[in-house]
Amino acid sequence: MLKDIKDYSAEEVGLFITAQGLDPTQFVSEGVDGDLLLSLSIDDLKNDLGLSSLQAKKVMKNIEFSKSLAGGGGGEDDEKVKELEAKVETLEDDVKAKDDEIAELKRKMEKMTTAVAPAPAPTPAPKPAPAPAPQRRGPGVVGGAARGAAGGAMKGAIAGAILPGMDASDGAKAGAAVGATKGGLRGIRGRRRG
């Protein structure tokens, strides 16, 4: 269930305005919380907060839409959201199972390559063995970014389909960017540990 707009903090109102592609600076600096936002008129949004007429109408339309969602919306929409949440959970479980399977296969492959190491060629003076290659703990920076982008695109597409003023492709793009950044940072952290 979505949080009621009247209970939004000023920061949450800023996020609500940002999600509509607008600059939240004036809203946050004026301390506009959810209760105050609901009391504003189109003229207030234009004159006091610097929005254009079109932007003010867009905000008002999205407030009404969000109020209908927070108020329970339609039973059919609630069922659809629950169905999508269940699908996301199933997909996340599938991804985790595949990640575990990949990790197990990597361990087996590593054992196989160390067990079948070729004998060194006979030489008059023995050569020191080369230092073992550093082992990676995770998929690395690029692999982490790719994995994060895929997961973020899926979550962003769902969020984009649900949030007002946004469509699934915009959500997928935003989710992919966030996921790629997060995955890349995980890869960097893994590199530092290794």
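Above: the structure in question.
The model shown is predicted, which means the values in this text are computed figures rather than measured ones. (Residues numbered from 1 in each chain as written. Predicted model: local features only at pLDDT ≥ 70, side-chain atom pairs only at ≥ 80, totals over all residues. Heavy atoms only, no water.)

Here the focus is the overall build of the protein. Within the protein one finds eight helices and zero strands. Relative to its full complement of 194 residues, the protein shows a buried share of 21%. With an accessible surface of roughly 13600 Å², the protein has 59% of that area assigned to carbon and sulfur atoms. (Helix = DSSP H or I, 4+ residues; strand = E, 2+ residues; numbered from the N terminus. Buried < 20%, exposed > 50% of the residue type's maximum accessible area, 1.4 Å probe, protein only. Areas by Shrake-Rupley, 256 points an atom, 1.4 Å probe, with all protein chains shown as cover.)

For valine 28, the location among the structural elements is in helix H2 (residues 25-29). Between the C-alpha atom of valine 28 and that of alanine 10, which follows or precedes it by 18 residues, the distance is 5.7 Å.

The next thing to look at is the pattern of salt bridges. This model, assessed by the stated rule, comprises eight salt bridges. Between aspartate 100 and lysine 96 there is a salt bridge whose closest N-O contact spans 3.2 Å. Residue aspartate 100 and its partner lysine 96 are located together in helix H6 (residues 75-115), separated by four residues, close to a single helical turn. A relative accessible area of 42% places aspartate 100 in the partly exposed class. The salt bridge involving arginine 107 is made with glutamate 104; its shortest N-O contact spans 2.9 Å. Separated by three residues within a single helix, arginine 107 and glutamate 104 lie in helix H6, roughly one turn from each other. Of the residues examined, glutamate 104 reaches a relative accessible area of 33% and is grouped as partly exposed. (Salt bridge = Lys/Arg side-chain N within 4 Å of Asp/Glu carboxyl O.)

Further remarks concern helix H1 (residues 10-19). Considered for burial, the residues of H1 that qualify are Ala10, Val13, Gly14, Phe16 and Ile17. The buried residues of H1 all sit within an arc of 160° when viewed along its axis, so they share a single face. Facing away from the buried surface of H1 by more than 90 degrees, the exposed residues are Glu11 and Leu15. A positive backbone phi angle near 80° is found at glycine 21, which sits one or two residues after H1. (Arc of directions from axis to C-beta.)

Moving on to the nonpolar core. Core analysis: the biggest nonpolar cluster contains 16 residues, and Phe27, Leu37 and Leu45 have the highest contact counts within it. Secondary structure elements with two or more residues in this core: H1 and helix H5 (53-70). Beyond its immediate chain neighbours, meaning those up to four positions away, phenylalanine 27 contacts Val13, Ile17, Val32, Leu37, Leu45, Leu49 and Leu51. (Core = buried A, V, L, I, M, F, W, Y, C linked by side-chain atoms within 4.5 Å. Contact = heavy atoms within 4.5 Å.)

The next thing to look at is the packing of aromatic side chains. Here the structure, examined in full by the defined rule, presents one aromatic pair. On the basis of an interplanar angle of 65° and a centroid distance of 6.1 Å, the ring pair of tyrosine 8 and phenylalanine 16 is categorised as edge-to-face. Here tyrosine 8 matches phenylalanine 16 in class, with each residue buried. (Phe/Tyr/Trp six-rings, centres within 6.5 Å; stacked < 30°, edge-to-face > 60°.)

If you trace the backbone, serine 52 turns up in the loop between helix H4 (42-47) and H5. Through-space distance from the C-alpha of serine 52 to that of isoleucine 42 is 9.5 Å; in sequence the pair is ten residues apart.

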